[in-house]
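In case you want the letters, here they are:
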Amino acid sequence: MDERYYDQSNEQKAIQTKYPSINKRFEYLDHTADVQLHAWGSTLQEAFEQVTTAMFCYITDLAVVEPLQTMEIEAEGGDMMSLLYNFMDAWLFNFCADPFFIPRELKVISLDRVNFKIRSIGWGEQFNLDKHPQGTEVKAITYSAMQIHEEKETNDIFVIIDI
C-alpha cells in the first residue's frame with residue numbers, strides 16, 4: 001500500500017486546500033503484523049524527516065493538520081541507528097503525551113554525525129479526533145530490520161513500526 005486513504009469531510013477538504021500539499025517521499029511495505037516504512041531523500045536529513053512523516057501519515061491524514069504551533073525535538077544516540085530510533089521515538093512520545101502534538105511537517109535543523117545528535121522542528125497542532133481522522137495506532141519504533149543507506153543521489157531509510 002503506497003498511501004493511506006482517509007475519507008474527508010467538507011471541513012477537512014477546506015483545511016487541505018489552505019496549505020501546500022505534503023511532500024511525500026515514502027511508501028509502506030507489507031510486513032507480518034507490523035508495517036515497514038521506506039523513506040528517501042536527497043540528504044540524510046530529508047530521509048529522517050520523511051520516515052517520521054510516514055509514521056504520522058499512518059496515524060492520521062496530515063493534509064488536515066494545520067501548522068498552528070511549533071515543537072522542537074532533540075535526540076541523541078550512540079550511532080546512526082540509535083539516533084534514528086531515538087529521533088522517531090521522541091516524536092512519537094510527544095504525540096502520545098499531552099498535548100498530543102501532531103506535526104503536519106517537520107524539518108531537521110541539524111544532524112551531528114560525529115556526536116550523533118539531531119535537532120528538529122515540527123509545525124502542527126494538538127491532535128483532535130473531531131478534526132483528525134484516526135488511522136492506525138503506532139505503539140513503538142523497532143530496531144528490527146532497521147536500515148540506513150547513504151548514497152550520492154539518494155538516501156534510503158527502512159524502519160518497522162509496531163502497530
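Look up: the structure comes first, before these words.
Presented here is an overview of the structure given in this document. (Residues numbered from 1 in each chain as written. Predicted model: local features only at pLDDT ≥ 70, side-chain atom pairs only at ≥ 80, totals over all residues. Heavy atoms only, no water.)

## Looking at the sheet that holds strand 5 (residues 117-126)
One open sheet holds the three strands; their spatial order is 3-5-4, and the pairing between them is antiparallel. Looking at which strands have only one partner, the edges of the open sheet turn out to be strand 3 (69-76) and strand 4 (101-112). Within this sheet the neighbouring strands show an average axis-to-axis angle of 20°, counted without direction. Where strand 4 and strand 5 come together, 10 bridges link them in antiparallel fashion. Bridge pairing in strand 5 places V108 opposite S120. On top of the sheet, helix 2 (residues 44-59) reaches strand 4 and strand 5; it is set at about 160° to strand 4, its chief contact. (Pairing = 2+ DSSP bridges. Helix = DSSP H or I, 4+ residues; strand = E, 2+ residues; numbered from the N terminus. Axes fitted to C-alpha atoms, helices over the stretch in contact; angles between N-to-C directions. Contact = heavy atoms within 4.5 Å.)

## Observations regarding the nonpolar core
Counting residues in hydrophobic clusters, the biggest one holds 44 residues, and the most contacted among them are L37, F48, L84, F87, M88, I157 and V159. Secondary-structure elements contributing two or more residues to this core are strand 1 (26-31), strand 2 (34-41), helix 2, strand 3, helix 3 (80-96), strand 4 and strand 8 (155-162). A total of 10 residues in this core trace back to one element, the largest contributor, which is helix 2. Leaving out residues up to four positions away in the same chain, L84 has contacts with F48, V51, M146, I148, I157 and V159. (Core = buried A, V, L, I, M, F, W, Y, C linked by side-chain atoms within 4.5 Å. Buried < 20%, exposed > 50% of the residue type's maximum accessible area, 1.4 Å probe, protein only.)

## Considerations on the pattern of salt bridges
Using the criterion set out here, one finds eight salt bridges in the structure. For E46, the salt bridge identified is with R25, shortest N-O distance 2.8 Å. Of this pair, E46 sits in helix 2 while R25 sits in the loop between helix 1 (10-18) and strand 1, and the two are 21 residues apart along the sequence. The buried category is assigned to E46, whose relative accessible area is 12%. Through salt bridges with shared partners, a single network forms among K18, E66, E125 and K131. (Salt bridge = Lys/Arg side-chain N within 4 Å of Asp/Glu carboxyl O.)

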